[in-house]
Amino acid sequence: MRKRLRYGLYTLSGIVSIALLTATTRAAAPPVEQLLPTFLFYCLTAFTMAFSIPLAGGSVSLMPMALAATYFVVGAPMTGWVIVVSAITHAILRLRNAESAGARQALTGIVLPGLTGFNILMHTAAISIGDIVFRALGGKVPLDTVDGTQIIALITFGVIYIVVNYVLAGVHLAQKELGGIATFLRSVPNLIFFEGGPMVFAPMTAAIYTHLGLTYFLFYALSLAISSLIAHHLGMTTRRLERRVKELDTLQAVGKTLSASLEIETVLWDIYTEVTKLMPAQVFYVALYEADSAEVTFPLVIEHGQRAHWPSVKGGRGLTEYVLQTQHPLLLNGKINIQLERLGVEPRGKEAACWLGTPLIAGNESLGVIALQSYESPDAYDPSHQEILTTIAVQAAVAIQNARLYARTDEALARRVQELDSILRTTSNGILLLDLNGNVMAVNRALAGLLDVSEPDLFHYRFREPHNGEPGLGSLLDYPPAQFHRDGAAILAGEMTQRQDLVVLGPHRKHTERTLTPVRDDTGLVTGWLFIFRDMTEEVELARLKNDTTNMLVHDLRSPLTLVSASLDLMEEAFATQNAEQFHKLAWVAKQGSDRILSMINQLLEISRLESGQMPVEYEWVDIAALINETIARFAPLATSVQIGLTVDIVDGIPKVLADPHLIRRVLNNLLDNAIKFTPNGGQVTIRARRDLSQDTPGARISISDTGPGIAPEDYKRLFTKFQQVTAIRGRRRGTGLGLAFCKLAVEAHAGQIWVESAPGAGSTFVFILPGVA
């Protein structure tokens, strides 16, 4: 719409100029003798206009000099008519000589009348303003003589003509296209040289006609015409040569640029950069064909200089798919939709005025399409553009194929590296990969944690003896380098397939299974060594615990069983001798032994049921103070017998808790029994009970403190594990290692907590909390 308005205003300005000329001519009719020179100068002006010399930003010709000479002979009104007729003649010739249908379409409608009108306005305005200034400075028309006053007027006329002409031309180019005014300004020096310079010959041309006559003028005009024709052809030849040189330079640059990168994104952007150096591209895109999915993607789309996104197309019938199928370049200009219908191609998106596309072919495979299009100029591209774009596409296809192969290889390698990295990071086993020289090639986080050495630092270790105070890799792995080399040689000789040892590694002294195995390539050649480290600490601890438990059970069960067995033997003798008193005494001893065995078995069963959640918890409201007092009364005689004081500290207001009194009584019994067992004679055991305010609903907090030897912090976790005892601490009697495990399970069955607070030599305090009920 903006373009149509602009050219409409140009057309209107031309019509107004013609109307003013008509009015001026009618007001002062020119003499008949001016008709011949007017016609002659029209022929000269039209010829110079038709055979202009192409230049960046437009074209140059001798037309300004011819019009100035016309003015100096016949004056402004008749020069105006020369401008009008010459502009119309030039428009007709331009339309007739258009090289393509697209060029002709570009001049149809309002465009050609607008350009013609603007040419009339531009030159008539320059002549009219120049005429006013020329006459004001004392200039006379027709030009008879040239004196000092005339020279100043002539120079001023020429300057004003050129300035007005170029200002109006600059306004037109600024509105026509982005960057047009910049291109025009860069070409102004050349325009002034080629058009302003010859203006000095305008007075001479006029003088030849007025003083030497028609014959000399015709010879002079003929020489000017021949000069214009020669200059025109030289200019066209030079322009073609410059364009060809630029194309060859660009092709060479394309080859270098495309071979410099294997990144598909970089390759595509380089293609766009080089193509747009040679031809305009309102829209430029590269389409790639994905054979696996039969889909056309658009990884690079540039619209009006900005990057855009086009969705991929599957099973389409557009121009891109047509070029892909035919594998031939295609140039469309003019009425594109009509041509699309003839080709059987579906229109897609906004209709272009000109479209150029060429396939990207590697071998017989169509990789994609490079395409350009213009929405405004039907003559934006011609066969020479098609030829150069096809040449670029050949190089681009090779670069894209190489980039694709590289991307696939890189993607596969990245996937393999990611898989290996995932394995290394997720496996709980330590992994260490060495080359044949003993250099670290790969290591995982599990091994770094096992050795307490960071992963980056491990890469600096070598399989060598300690050097300059720095431990070698052999020291870290408890694997002397000499032994490593002997084992490696044995594996290479086929004496064994791998070497496996149980070692203790790291500052935490982890029991570790170390396995050395060779790394072989596809041919079976050994290319490195792989170490696998499996943490065996838990297995070793379980084995030790199994042995300890077995020994403990054997010891704890054998003693009461021996007692029962011996009592039964003695009961048999007492029965034979009729010694009733001794018989009853032995029966009591046998019962005590069997009760102890039964108690141990019951404890094991209860712990097992608590661990599996099968132990029924019979809740009822329990008075904690009463339960503590009952426990104290039961253990008071035992404490008195070993001179241990029992202290009870129960504050008022402890709420009743919902609990199983049998289980809580057992917890109190076990904790108090342990406190008395490990407190030396004359010591003190204190039981405290408080309100627990750590939860939203107040509960009960019970603690039992003793003045025994205390417990080291590293032994805290072992205390509440089955069959675990602190070997460094001896009590009055040996325990089973089940009491504290039972306490922990029983308290946690009530959603409570239990822990120990202790230090060596400072006694111990066992604390447990029973939560309140809202």
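Look above for the structure.
Visitor: How should I be thinking about the overall build of the chain in this particular structure?
Guide: Across its full length, the chain holds 23 helices and 21 strands. Relative to its full complement of 774 residues, the chain shows a buried share of 42%. For the chain, long-range pairs separated by at least 24 residues make up 64% of all intrachain contacts whose partners lie at least 6 apart in sequence. When the accessible surface of the chain is totalled, it reaches about 41100 Å², and 59% of it is carbon and sulfur.

Visitor: Is there a simple way to think about the packing of helix α2 (residues 35–50) against helix α3 (residues 63–96) in this case?
Guide: A pair of packed helices is characterised by two quantities: the angle between their axes and the separation of those axes. Running from N to C, α2 and α3 cross one another at 55°; their axes reach a closest spacing of 7 Å. One finds that α2 runs oblique with respect to α3. Remark: the crossing between α2 and α3 carries right-handed chirality. Split by residue class, the contact of α2 with α3 holds 19 nonpolar, seven polar and no charged.

Visitor: What's the story with the pairing of strand β18 (residues 684–692) in this structure? I'm lost.
Guide: The side chains of a regular strand alternate, residue by residue, between the two faces of the sheet. Two strands pair when backbone bridges link them, and strand β16 (residues 645–650) and β18 are joined in this way by six bridges, in the parallel orientation. Paired with Gly645 across the strands is Gln684, a residue of β18. Bridge count between β18 and strand β19 (residues 699–706): eight bridges; the pairing is antiparallel. Paired with Asp692 across the two strands is Gly699, which belongs to β19. Once β18 ends, the chain turns through six residues before running back antiparallel as β19.

Visitor: What should I look at first to understand the sheet that holds strand β20 (residues 753–758) in this one?
Guide: Backbone hydrogen bonds hold the strands of a sheet together, and the pairing may be parallel or antiparallel. The mixed open sheet is built from five strands, whose spatial order is β16-β18-β19-β21-β20. Both outer strands of the open sheet, β16 and β20, are each paired with one neighbouring strand and no more. Within this sheet the neighbouring strands show an average axis-to-axis angle of 15°, counted without direction. Its contacts with the sheet put helix α20 (residues 624–641) on β16, β18, β19 and β21 (764–770), and the angle it makes with β16 is roughly 175°. With respect to the sheet, helix α23 (residues 739–749) is in contact with β20 and β21, its orientation differing from that of β20 by roughly 135°.

Visitor: Got a minute to help me understand the side chain of Ser703 in this structure?
Guide: Relative to the helices and strands, Ser703 is located in strand β19. Overall, the relative accessible area of 11% leaves Ser703 in the buried class. Leaving out residues up to four positions away in the same chain, Ser703 has contacts with Thr686, Ile687, Arg688, Thr765, Phe766 and Val767.

Visitor: Would you take a moment to explain a nonpolar patch on the surface for this structure?
Guide: On the surface, Val146, Ile151, Ile155, Val159, Val163, Val167 and Val171 cluster together into a nonpolar patch covering about 590 Å² of accessible area. Among the secondary structure elements, Val146 is positioned in the loop between α5 (111–136) and α6 (148–176).

Visitor: Please clarify how the packing of aromatic side chains should be interpreted in this entry.
Guide: Two measures describe an aromatic ring pair: the distance that separates the ring centres and the angle between the ring planes. Summed over all chains, the structure comprises 20 aromatic pairs. Judged by centre distance (5.6 Å) and plane angle (85°), the rings of Tyr7 and Tyr10 are edge-to-face. Here Tyr7 and its partner Tyr10 are both found in helix α1 (residues 2–27), three residues apart, which amounts to about one turn of the helix. Judged by its relative accessible area of 8%, Tyr10 is buried. Note on Tyr479 and Phe531: the rings are 5.9 Å apart at their centroids and 85° apart in plane angle, and the pair reads as edge-to-face.

Visitor: Looking at this structure, I do not really get the sheet that holds strand β13 (residues 510–520). What am I missing?
Guide: What the five strands build is an open sheet, ordered β11-β10-β14-β13-β12; its pairing is antiparallel. Taken across any chain shown, the strands that pair with only one partner, and hence form the sheet edges, are β11 (440–443) and β12 (499–505). Each strand axis lies, on average, 25° off the axis of its neighbour in the sheet, ignoring direction. In terms of strand pairing, strand β10 (residues 430–435) meets β11 through three bridges, oriented antiparallel. Along β11, the bridge assignment pairs Leu433 with Ala442. Along the sheet, helix α17 (residues 481–492) makes contact with β10, β12, β13 and β14 (526–535), crossing β14 at roughly 115°.

Calculation notes
- Starting from 1, residues in each chain are numbered consecutively following that chain's sequence as written.
- The predicted origin of the model limits local features to residues at a pLDDT of at least 70 and limits the giving and counting of side-chain atom pairs to 80 or more, whereas totals for whole chains, interfaces and linings rest on all residues.
- As a rule here, side-chain values come from all non-hydrogen atoms in the structure, and water together with hydrogens is ignored.
- In DSSP terms, a helix is any run of H or I states spanning at least four residues, a strand is any run of E spanning at least two, and both are numbered starting from the N terminus.
- For the exposure calls, accessible area comes from a 1.4 Å probe over protein chains only, and a residue counts as buried if that area is under 20% of its type's maximum, exposed if over 50%, partly exposed in between.
- We call two residues in contact whenever any of their non-hydrogen atoms come within 4.5 Å of each other.
- All accessible areas in this document rest on Shrake-Rupley with a 1.4 Å probe, and a residue is counted as covered only by the protein chains that are shown.
- Axis angles are defined between N-to-C directions and span 0 to 180 degrees, where every axis is a line fitted to C-alpha atoms and, for a helix, only to the segment in contact.
- Note on angle classes: values under 35 degrees are labelled roughly parallel, values over 145 roughly antiparallel, values of 65 to 115 roughly perpendicular, and the remainder oblique.
- Helix crossings are classified by the rotation of the near helix relative to the far one: an anticlockwise turn of less than a right angle makes the crossing left-handed, while a clockwise turn makes it right-handed.
- Note on residue categories: nonpolar means Ala, Val, Leu, Ile, Met, Phe, Trp, Tyr, Cys or Pro, charged means Asp, Glu, Lys or Arg, and polar means any other residue, Gly included.
- A pair of strands counts as paired when DSSP detects no fewer than two bridges linking them.
- Nonpolar side chains (Val, Leu, Ile, Met, Phe, Trp, Tyr) within 5 Å and like charges within 9 Å form the patches, drawn only from residues with over 30% relative accessible area and no salt bridge.
- Counted as salt bridges are all cases of a side-chain nitrogen of Lys or Arg within 4 Å of a carboxyl oxygen of Asp or Glu.
- The aromatic pairing rule takes the rings of Phe, Tyr and Trp, using the six-membered ring of Trp, and pairs them if the centres are within 6.5 Å, calling planes under 30 degrees apart stacked, those over 60 edge-to-face and the rest tilted.

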